[in-house]
Number of protein chains: 2
Amino acid sequence: MSYSIGQVAKMMGVTTHTLRYYEKEGLLPFVRKSGSGLRVFTDTDLGWLAMIECLKETGMPLKGIKQYIDWYQEGDATLQQRLDMFLAQKQKVEEQIALYRKHLDKINYKISLYEEAVRQGSWDKAMEARKLNEEKERRFGKK
Amino acid sequence: MSYSIGQVAKMMGVTTHTLRYYEKEGLLPFVRKSGSGLRVFTDTDLGWLAMIECLKETGMPLKGIKQYIDWYQEGDATLQQRLDMFLAQKQKVEEQIALYRKHLDKINYKISLYEEAVRQGSWDKAMEARKLNEEKERRFGKK
DNA sequence: AATTAACTTAGAGTTAACTCTACAAAGGTA
DNA sequence: TACCTTTGTAGAGTTAACTCTAAGTTAATT
């Protein structure tokens, strides 16, 4: 199967401008053109785009993605570099997930405070009540 | 305790430029100034900065953070908005974590391919071997 | 007291990643 | 064939979030 730039844009949820921009930045050296100059995307190209999306959405800048694609074009001599790149990306993503978890805890705590405050209709009253309750728990044991 | 802009910058791992920029964008309306015009950060201010960092690192744009701070300044009338904002952020972070996991799977798969290719010294040979192996497994059962 | 380091404001410059405009050419539809 | 949509190129403009410069002031150190 083959696809026009517009079809691919729709599939990926981006504009045709973005795809042409990616090409200009050297991210799509594999995409062929028809006799009259129209870009023709194949299913293999869609596979590449999926990888690009993966790297982009895990925070790799377009330059980094281009580096990967350049390495690919150079063949087996760059296998190690490409492996190292994926290993580094793996670590980055794992760290990112850990950071997100940590922040999620903070957000959940804030949510509990705000739920209390909304119930009371007052931030100060809710915080006061919370403080008194904590005091009680400290003196008589929890629950 | 109180801190200079330079001390705070160091603690947060940003530059003083960045902190002044945040102030200009309305993110630090709580920071006081000394008689001679120097910014004086308190421990409470550091608490605010920690919240700002949390929202920023979970992908909220500075404008969104400013909105939250503005709501805070308006008092109890905006408790619900602030709660809703944290609930939305919670969902965003959870979705982000799920997406990262999905991409991590793809990256791990790529790593396994590249580890094989590096061992063989050739991408094509490794893929060929992998294909044959899969064929065998299909015929005689796994492991 | 002199020097050096950190601070001040105002404003210009940078970077990444789009995003849009203009206008010509190609392709699909009635 | 006429028309309308899509695509093409080249290049300008936008946005967010810094990042830096200049020129002067304040604070800390020797």
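Here is what the cut-offs are and how they apply
Residues numbered from 1 in each chain as written. Chains lettered and ligands numbered in written order. Predicted model: local features only at pLDDT ≥ 70, side-chain atom pairs only at ≥ 80, totals over all residues. Heavy atoms only, no water. Contact = heavy atoms within 4.5 Å. Salt bridge = Lys/Arg side-chain N within 4 Å of Asp/Glu carboxyl O. Polar contact = N/O pair within 3.5 Å; in protein donor to acceptor, adjacent residues only side chain to side chain. Helix = DSSP H or I, 4+ residues; strand = E, 2+ residues; numbered from the N terminus. Nonpolar A, V, L, I, M, F, W, Y, C, P; charged D, E, K, R; others polar. Near = heavy atom within 4 Å. Buried < 20%, exposed > 50% of the residue type's maximum accessible area, 1.4 Å probe, protein only. Axes fitted to C-alpha atoms, helices over the stretch in contact; angles between N-to-C directions. Parallel < 35°, antiparallel > 145°, perpendicular 65-115°, else oblique. Pairing = 2+ DSSP bridges. Domains from an automatic or database assignment. Least-squares fit on C-alpha atoms with pLDDT ≥ 70 in both.

Undergrad: Could you clarify how one ought to interpret the interface of chain A and chain B in this entry?
TA: Often, the extent of an interface is quoted as the loss of accessible area on bringing the components together. If you look at the interface, chain A gives 36 residues, while chain B gives 36 residues. Inspection of the region where chain A meets chain B yields zero salt bridges. Connecting chain A to chain B are eight residue pairs in polar contact (both at pLDDT 80 or more). Residue assignment for the side of chain A that touches chain B shows that the elements contributing at least two residues are α3 (43–57) and α5 (79–120) of chain A. Top element by residues in the side of chain A that touches chain B is α5 of chain A. It accounts for 26 residues. Looking at the side of chain A that touches chain B residue by residue, the classes come out as 18 nonpolar, eight polar and 10 charged.

Undergrad: Looking at this structure, how should I read the protein's contact with DNA strand D?
TA: Near DNA strand D, the surroundings consist of 18 residues, among which Ser4, Lys33 and Arg39 of chain A together with Tyr22 and Ser36 of chain B are the closest. Among the atoms of DNA strand D lying within 4 Å of the protein, the sugar-phosphate backbone contributes 70%. Here tyrosine 22 of chain B contributes a side-chain N or O atom positioned 2.6 Å from a phosphate oxygen of DNA strand D. Of all the elements in the fold, those that place two or more residues in the surface near DNA strand D are α1 (5–12) of chain A together with α2 (16–24) and α4 (62–74) of chain B. Here the surface near DNA strand D takes four residues from α2 of chain B, the largest share from any one element. Residue composition of the surface near DNA strand D, grouped by class: seven nonpolar, six polar and five charged.

Undergrad: Is there a simple way to explain the environment of tryptophan 71 of chain B in this structure?
TA: Residues and elements named next belong to chain B. Residue position: tryptophan 71 is located in helix α4. The buried category is assigned to tryptophan 71, whose relative accessible area is 18%. In sequence terms tryptophan 71 and arginine 138 are 67 residues apart; their C-alpha atoms lie 61 Å from each other. Setting aside residues no more than four positions away along its own chain, tryptophan 71 makes contact with Thr78, Gln81, Arg82 and Met85.

Undergrad: I'm lost on the packing of helix α1 (residues 5–12) of chain B against α2 of chain B in this one. Help?
TA: How two helices sit against one another is set out by the angle between their axes and by the gap between those axes. Residue and element names in this part refer to chain B. Direction vectors running N to C along α1 and α2 enclose 105°, while the axes themselves pass 8 Å from each other. One element, α1, and the other, α2, form an angle in the roughly perpendicular class. Side by side, α1 and α2 meet where Ile5, Gly6, Val8 and Ala9 of the first sit next to Thr16, Leu19 and Arg20 of the second.

Undergrad: What should I look at first to understand the sheet that holds strand β3 (residues 39–42) of chain A in this one?
TA: In a beta sheet, neighbouring strands pair by backbone hydrogen bonds and run either parallel or antiparallel. Residue and element names in this part refer to chain A. What the three strands build is an open sheet, ordered β1-β3-β2; its pairing is antiparallel. Looking at strand neighbours, the two that pair on one side only are β1 (2–3) and β2 (32–33), the edges of this open sheet. Sheet contacts for α3: β1 and β3; angle to β3, the most-contacted strand, approximately 80°.

Undergrad: Any chance you could explain the pairing of β3 of chain A here in plain terms?
TA: Within a regular strand, side chains alternate between the sheet's two faces. Residues and elements named next belong to chain A. Residues Arg39 and Phe41 line the buried face of β3, whereas the alternating positions Val40 and Thr42 sit on a face that is not buried. Taken together, the two bridges between β1 and β3 define a ladder with antiparallel strand orientation. Among the inter-strand pairings, serine 2 is bridged to a residue of β3, identified as threonine 42. With two bridges joining them, β2 and β3 adopt antiparallel strand pairing. Each residue of the ladder has a partner; that of arginine 32, found in β3, is valine 40. Counting the residues between successive antiparallel strands, the hairpin from β2 to β3 contains five residues, one of them, glycine 37, with a positive phi of roughly 95°.

Undergrad: How do you make sense of the domain arrangement of chain A when you look at a structure like this?
TA: Along its sequence, chain A is organised into domain 1 (2–58) and domain 2 (97–140). Inter-centroid distance (C-alpha atoms) of domain 1 of chain A to domain 2 of chain A is 48 Å.

Undergrad: Quick question: what am I supposed to make of the relation of the copies chain A and chain B here?
TA: When chain A is fitted to chain B, the best match, at an RMSD of 0.1 Å, comes from turning it 180° and sliding it 0.0 Å along the axis. Classification of the inter-copy transformation places it as that of a two-fold axis. In terms of C-alpha distance to the rotation axis, chain A has isoleucine 97 of chain A as its closest residue, with the C-alpha 2.9 Å off the axis. Residue by residue, 100% of the interface of chain A is reproduced at the interface of chain B, so both copies engage with the same surface.

Undergrad: In this structure, what is going on with the environment of leucine 62 of chain A? I would like to understand it.
TA: Residue and element names in this part refer to chain A. Take leucine 62: it is sitting in helix α4 (residues 62–74). Taking the C-alpha atoms as reference points, leucine 62 and glycine 121, 59 residues apart in sequence, are found 48 Å from one another. What leucine 62 contacts, discounting residues up to four positions off in sequence, is Tyr21, Tyr22, Leu27 and Lys56.

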